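Overview (structure and organization)
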Amino acid sequence: MKYNPAINVFLILIIGLSACVNSPKLITEEYTKPEFGENVLFFTPNMDNSKIQHTIDSIYNLQSQRSSEFNKNRFALLFAPGEYNLDIKVGYYTHIIGLGKSPEDVIITGAVRSNSMTEFHGNVLINFWRAAENLTVIPTIDSTNVWGVSQAAPLRRIHIKGNLQLHDKGPASGGFLADSKIDGEIDFGPQQQWFTRNSEWGSYIKGIWNIMTLGVPNPPKENWPETPYLSLDKTPRIREKPYLISSKKNISLVIPELKTNSSGPSWIDDDNKNLKTLPIKDFYITKPENDNSTTINAALETGKNILFTPGIYELENSIEVSKPGTIIMGIGMPSLVPKQGNPVIKIADVDGVTLSGILVDAGEIKTETLIEIGEPGSDADHSSNPTFIYDVFIRVGGPHIGTTKCCLEINSNDVYIDHVWLWRADHGNGVGWDLNKAANGLIVNGDNVTAYGLFNEHMQEYQTLWNGDNGKVYFYQSEMPYYAPSPEAWKHGETYGYASYKVPNNVSSHEAWGVGIYNVFFNAPIIVDNAIETPEHLEKNIHHKFTIWLGGNEDSEVKSVINGKGDAVNKSNKKSYPE
C-alpha cells in the first residue's frame, strides 16, 4: 500500500481513542470487545456518548470526501444492545451493525444517515458502498432520517420511529430496503428507482420511474405508467440475511428460517425461541494483514465458516467452498481482489451456502469469472436447502484497472440473489472501453434461480444472460455502457448493440417484474435494436418493462423495448412503455 498521510493521521487518532473504546471502566462485564481487528469498533451503551460521537465523526470525515469513493479504508461499527444518543453519519465503506436479537434492542436517538457531499449540493448519485442493519432509529435530526443513496447501500432490519427520506436535496438513482419498518412516511423523492422487500410503512410519497415493492403491506397504488409503482403482495421464498448478536461474552450469528409467501418484516411478533444460531468460534475470522487464499482455504477445509473483517484482500488463488451449509460473510465492506486471473470465489454444487456482505474488484489480469456458483453442467436439486447471496457488489474498474469476462456466473440450481450490484465502472481509475473490459455482469445457467433486486450496469455485451429455465427476477436496474466507440464496433452479426436483458430461444420459462433499462451514449451516435430480447412466447412474462433515454449523443437511439416492440427512445421520445 502506498503511503497515505490521511490514513496515518487517522490511525494515530484511532490509537488515541482506543483507550476509550477498550477501557474496562467503559465496558460493562456483560460485553467483551470482539477480536475483529482495529477497523471494527465495538460500542456499548454505558460508554460516554460524546466519545463515541467523536470517533464516529472522525471516521465520517475520512470517508465522506470526493476522494473517499475509491480509498482503501473499511470500517464496521458494532453496537451492543442498549440506548444511544448519536448522530451517525455514514460515509463510504462504513457498515453500521446493531447486535440485538431484534432491531428494537439497539436504539439510536438522533440519526443514522447518509447525506450528499458538500460539493454535490444534494446529489447522491455516487453515494455507494455503505450499509446499516439491525437497529432502531428515533429521528431527531430535522425530525426525519435521511438515507440519501444510490446503489450498493442497503438498509436491512431497520425500525425508523418516524419518517425516512431516501434522497437528499437532488437526484438519486436506486436503492434497496428489506425486512424493515417505517412508522411514518417514506419519501422516495427524486429516486429514479428503488426496490423494497418484506417491509412496512405508514405512508409513501413520490418516486420517478421504477418504485417496486414485494411483500409490503399498504403498498403504493398502481397506475402504470402514469405512476412509477409496481407492487406484488407476497415474497415467494426468502431466508433473510443472517445477522450478528451479542450477549454476555459471546458473539453469535443468527440464521433466519426459510419462509414462503411472506409479507412484512420477519422480526415483528417473533418470539426468538426457535432461532438457529452459530457461535463465533465456528468462524475463521480473517484479518487483511494476515490472511490470503491459503489460510482461508485451510480454514474451510477444517469445516470453518469465514468472516471477513474490513480491509482489502489480495488473493493469489480462488477461495474454494466445497462443504454444504458454509457461510462466507463480510462486515465493513471488505474487498477481495484476484491477483493471477483466478476467480475470487468458487462455490461447489452443494446445498445451502450463504455468501454475503463482500466487495469484489476485478484484477488487472483478466479473470474469466469473478464469482462462480456451481461448476458448469451442475444439475443437483437444492430446492430444500438453497444457496443465498446477499449484498454482494462486484466492480470492474473504479479503484484500479480490472478486467473480466463475467462478474457472476450461476451454474447451480435453486440459487437466490437478494441484492447485488454488478458494475463496470463509468468513472474512477482504469476506466475506458479498452481498459476495464467486461462482457457480462450475470450469466445464469442453473434452473429455478431467483433474483430480488438485480442491479447490473455498463457491461459491454449482454449485461444479463439468463440461460436457465424457470428464472424469476423481481426488479432490474440496468444502464447500458456510456462509451461504445461506434455503431459498427458495438454490433454483432446483423444486430446493432447488445440487449441489456437476454433470455435465449431455448429457454422455456422465465418471468421478470419491474425491468428498467436506461441509456446514455456519450461518444458516437450509438444504435441499439432491442433493450430486452426473449423468446416470443415469453414476452408477456416480462412485466412493467421500459426504457429511458437519459441524454448523451443526440443521434443515439434504442429502437425498441423488447423484440422490436415498443417505441424507440431518443432525443425526441425519452421514455417508452410497451404495456
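Note that the coordinates shown come from a computational prediction; the quantities given were computed from them, not determined experimentally.

Focus on the overall build of the chain
The helix and strand tally for the chain stands at three helices and 45 strands. Its C-alpha atoms give the chain a radius of gyration of 23 Å, near enough to 25 Å, the size a compact globule of 579 residues would have. With respect to the principal axes defined by its C-alpha atoms, the chain has extents near 70 × 50 × 50 Å. Going through the 579 residues of the chain one by one, you find that 64% of them count as buried. Taking the intrachain contacts of the chain between residues at least 6 apart in sequence as the baseline, contacts between residues at least 24 apart amount to 62%. Counting 49 positive and 67 negative side-chain charges, the chain places the averaged centre of each group 4 Å from the other.

Topic: the sheet that holds strand β18 (residues 250–255)
Ordered by their spatial adjacency, three strands build an open sheet running β17-β18-β20, and the pairing between neighbours is antiparallel. Unpaired on one side and paired on the other, β17 (243–247) and β20 (276–279) mark the two borders of the sheet. For this sheet, the mean inter-axis angle between neighbouring strands, taken without regard to orientation, is 35°. Two elements, β18 and β20, share four bridges in a ladder whose sense is antiparallel. Pairing of Ser-252 across the sheet is with Pro-279, part of β20.

Observations concerning the packing of aromatic side chains
Scanning the model with the defined rule gives 36 aromatic pairs in all. Between the aromatic rings of Phe-70 and Trp-129, the centroid separation amounts to 5.7 Å while the plane-to-plane angle is 55°, which identifies the pairing as tilted. Note that Phe-70 is positioned in the loop between α2 (49–63) and β2 (75–79) and Trp-129 in the loop between β5 (106–113) and β6 (130–139), a separation of 59 residues in sequence. Accessibility expressed as a relative area gives 0% for Trp-129, which makes it buried. With 5.1 Å between their ring centres and 75° between their planes, Phe-308 and Tyr-313 make a pair best called edge-to-face. A single burial state applies to Phe-308 and to Tyr-313, both of which are buried. Members of the aromatic cluster, joined through ring pairs, are Phe-70, Tyr-92, Tyr-93, Phe-128, Trp-129, Trp-421 and Trp-423.

A few points about the pattern of salt bridges
Under the counting rule described, the total for this entry stands at 19 salt bridges. Its salt-bridge partner being Glu-133, residue Lys-241 comes within 3.2 Å of it at the nearest N-O pair. Residue Lys-241 is found in the loop between β16 (235–239) and β17, and its partner Glu-133 is found in strand β6; the two are separated by 108 residues along the sequence. Note on Lys-241: relative accessible area 8%, which makes it buried. Two residues, Asp-529 and Lys-559, come together in a salt bridge whose shortest N-O distance is 3.7 Å. Placement of Asp-529 in the loop between β41 (527–528) and β42 (532–533) and of Lys-559 in the loop between β44 (557–558) and β45 (575–576) is noted, with a sequence separation of 30 residues between them.

Description of helix α3 (residues 293–301)
All of the buried residues in α3 are Ser-293, Ile-296, Asn-297, Ala-299 and Leu-300. All buried residues of α3 project into a common sector of 155° when viewed along the axis, lining one side. Exposed positions of α3 whose direction lies more than 90 degrees from the buried face are Thr-294 and Glu-301. Those residues of α3 that are buried are in contact with β21 (283–286), β22 (305–308), β23 (312–315), β24 (319–321) and β25 (327–330).

Details of the sheet that holds strand β33 (residues 438–444)
Spatial strand order, β24-β27-β29-β31-β33-β35-β39-β42: eight strands in an open sheet with parallel pairing. Of all the strands in the sheet, just β24 and β42 have a single pairing partner and so form its edges. Bridge count for strand β39 (residues 501–502) against β42 is two bridges, and the pairing is parallel. Opposite Tyr-501, over in β42, you have Ile-532 as the bridge partner.

A few points about unusual backbone geometry
Note that the residue after Trp-224, namely Pro-225, is joined by a cis bond; omega there is 0°. Checked against the element boundaries, Pro-225 lands in the loop between β14 (210–214) and β15 (229–232). Its identity as a non-glycine residue notwithstanding, Trp-129 has a phi of 55°, on the positive side. Although it is not a glycine, Asn-261 adopts a positive phi angle of roughly 50°.

What about the side chain of Asn-436?
Relative to the elements of secondary structure, Asn-436 occurs in the loop between β32 (415–424) and β33. The contacts of Asn-436, once residues within four sequence positions are left out, are Val-396, Gly-397, Gly-402, Arg-424, Ala-425, Gly-430, Val-431 and Gln-460.

A few points about the confidence of the model for the chain
In this model, the chain carries a mean pLDDT of 93, and residues with pLDDT of at least 70 account for 93%. Ignoring residues within four places in sequence, the model shows residues 1–29, a span with pLDDT below 50, making 36 contacts including any to other chains.

As for the environment of His-167
With respect to the element layout, His-167 can be found in the loop between β9 (163–165) and β10 (176–178). With 24 residues separating them in the primary sequence, His-167 and Gln-191 have C-alpha atoms 6.6 Å apart. Side-chain polar atoms of His-167 contact the side chain of Asp-187, separated by 3.2 Å.

Some remarks on α2
With 15 residues, α2 should reach 21 Å at 1.5 Å per residue; the first-to-last C-alpha distance of 21 Å fits that figure. If you check which residues of α2 are buried, you get Asn-49, Ile-52, Gln-53, Thr-55, Ile-56, Ser-58, Ile-59, Tyr-60, Leu-62 and Gln-63.

Rules and cut-offs
Residues numbered from 1 in each chain as written. Predicted model: local features only at pLDDT ≥ 70, side-chain atom pairs only at ≥ 80, totals over all residues. Heavy atoms only, no water. Helix = DSSP H or I, 4+ residues; strand = E, 2+ residues; numbered from the N terminus. Rg over C-alpha atoms; globule rule 2.2 N^0.38 Å. Buried < 20%, exposed > 50% of the residue type's maximum accessible area, 1.4 Å probe, protein only. Contact = heavy atoms within 4.5 Å. Lys, Arg positive; Asp, Glu negative; His and termini not counted. Charge placed at Lys NZ, Arg CZ, Asp CG, Glu CD. Pairing = 2+ DSSP bridges. Axes fitted to C-alpha atoms, helices over the stretch in contact; angles between N-to-C directions. Phe/Tyr/Trp six-rings, centres within 6.5 Å; stacked < 30°, edge-to-face > 60°. Salt bridge = Lys/Arg side-chain N within 4 Å of Asp/Glu carboxyl O. Arc of directions from axis to C-beta. pLDDT = per-residue confidence, 0-100. Polar contact = N/O pair within 3.5 Å; in protein donor to acceptor, adjacent residues only side chain to side chain. Expected span 1.5 Å × (residues − 1).

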